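# Structural description and commentary
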Amino acid sequence: MAGPDGDNDGLSLFDIVWEDVLYVKLFPLLSLKDLFSLRCCSQLAKTFVDNGFHRLHEINLSGNNSPQLEQAFQVLATNCSNVRVLNLARCHWVQDSILFPFLQKNRRLVKINLSDCMNITPRSLQPVIVGCKQLTTLKLSHCHWLTIGAMEALTLHHTKIQELDVSHCAALNERCISVFLLNCRMLKTLSLSNVPAVSDNLLIAIAKHSKFIKNLNLVGCYMITDRGIGALALCCKELESLMVRECPQVTERSLELMRGRVFIDRPRVYQPDMNMVPNMGFPRLFLQV
């Protein structure tokens, strides 16, 4: 830095106090791309950035499949240990070999999104299942590698999950999802879109055990009928949104019970004479625990 007389006094950016100034004021203003660019400037810049990664609380690389990103993530896996939010949705470069050590070091994760990560296996979930006890959000949409065993292990170790997305996870069965619902009573958002195992019995389990459910996605669950939707209408008083497109056996007879208090992704179907609609006769036995 040049002084008034043009002399260089030898000071640089990194002469400013790191802990109390640079990491507090400067570091949060830089994107991951900025940080890696700075990291390439000098050995001192590399040290500064690597030490600062310890403070990083959120990593969002959703949809980013740029070249060399796998190598960059390995740097994060080496230096990060306090990440709370991780979003790697649609990152096709992610593999067990780099994700597993990252999850092992970051046990304070609260939100994880691995949707459409096709090249990992249930092994990557082991550190999450065993170590991430503060987890509240887990998104695994289009993760065809998600097995019944992995779901059962998750259920065994976690009871605080409030948001779960297992859309298009065809390997799951009705029982493992039902047991999860029984243990995670604080669930508020659940997406079961295009899961073949979803049936009326599973909706009845949601009605029994998920009293705080607010958002429910059942798009493409072709086996559910008015019986299951009727159970939700009777029991889930906190429900705010219901997605039932591509559910051919769900009709206005059950949806009418929630119109006005719940957002439904299907428009009302006009019925000329509601008096001609037969009594649905929803059994109340399913309410008995």
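Structure report, in brief. Keep in mind that this is a model prediction, so the values were computed, not measured. (Residues numbered from 1 in each chain as written. Predicted model: local features only at pLDDT ≥ 70, side-chain atom pairs only at ≥ 80, totals over all residues. Heavy atoms only, no water.)

## Some words on the overall build of the chain
The cut-off we apply is this: Working definition: helices are DSSP H or I runs of at least four residues, strands are E runs of at least two. Numbering for both runs from the N terminus. Note on classification: 1.4 Å probe, protein chains only; a residue is buried when its accessible area is under 20% of the maximum for its type, exposed when over 50%, partly exposed between these limits. Any two residues whose heavy atoms approach within 4.5 Å are treated as being in contact. Per-residue and other accessible areas follow the Shrake-Rupley method at a 1.4 Å probe size, with only the shown protein chains counted as cover for residues.
In terms of helices and strands, the chain carries eleven helices and nine strands. The buried share among the 289 residues of the chain stands at 47%. Summarising the internal contacts of the chain: among those between residues at least 6 apart in sequence, 71% fall at separations of at least 24. Surface accessibility of the chain: about 14500 Å² in total, with carbon and sulfur atoms responsible for 54%.

## Concerning the pattern of salt bridges
The condition is simple: Should a side-chain nitrogen of Lys or Arg be within 4 Å of a carboxyl oxygen of Asp or Glu, the pair is scored as a salt bridge.
All told, the structure shown has eleven salt bridges when counted by the stated rule. Here D265 and R245 are joined by a salt bridge, their closest N and O atoms 3.1 Å apart. Linking D265 in the segment after β9 (263–264) with R245 in the loop between β8 (241–243) and α11 (252–255), this pair joins segments that are 20 residues apart in sequence. The partner of E252 in a salt bridge is R259, with the nearest N and O atoms 2.9 Å apart.

## Considering the packing of helix α8 (residues 174–183) against helix α9 (residues 200–209)
A packed helix pair is summarised by two numbers, namely the angle formed by the two axes and the spacing between the axes. Using the following cut-off: Every axis in this analysis is a line fitted to C-alpha atoms, fitted for helices over the stretch in contact. Angles between the N-to-C directions lie between 0 and 180 degrees. For classification purposes, angles smaller than 35 degrees are called roughly parallel, those larger than 145 roughly antiparallel, those between 65 and 115 roughly perpendicular, and all remaining angles oblique. Three categories are distinguished: nonpolar for Ala, Val, Leu, Ile, Met, Phe, Trp, Tyr, Cys and Pro, charged for Asp, Glu, Lys and Arg, and polar for the others, with Gly belonging to the last.
For the pair α8 and α9, the least separation of the axes is 9 Å and the interaxial angle reads 5°. As summarised for this structure, α8 and α9 are arranged roughly parallel, according to the angle between their axes. Of the residues in α9, those touching α8 at E174, I177, S178, L181 and L182 are N201, L202, A205, I206 and H209. Taken together, the residues that form the contact of α8 with α9 break down as six nonpolar, three polar and one charged.

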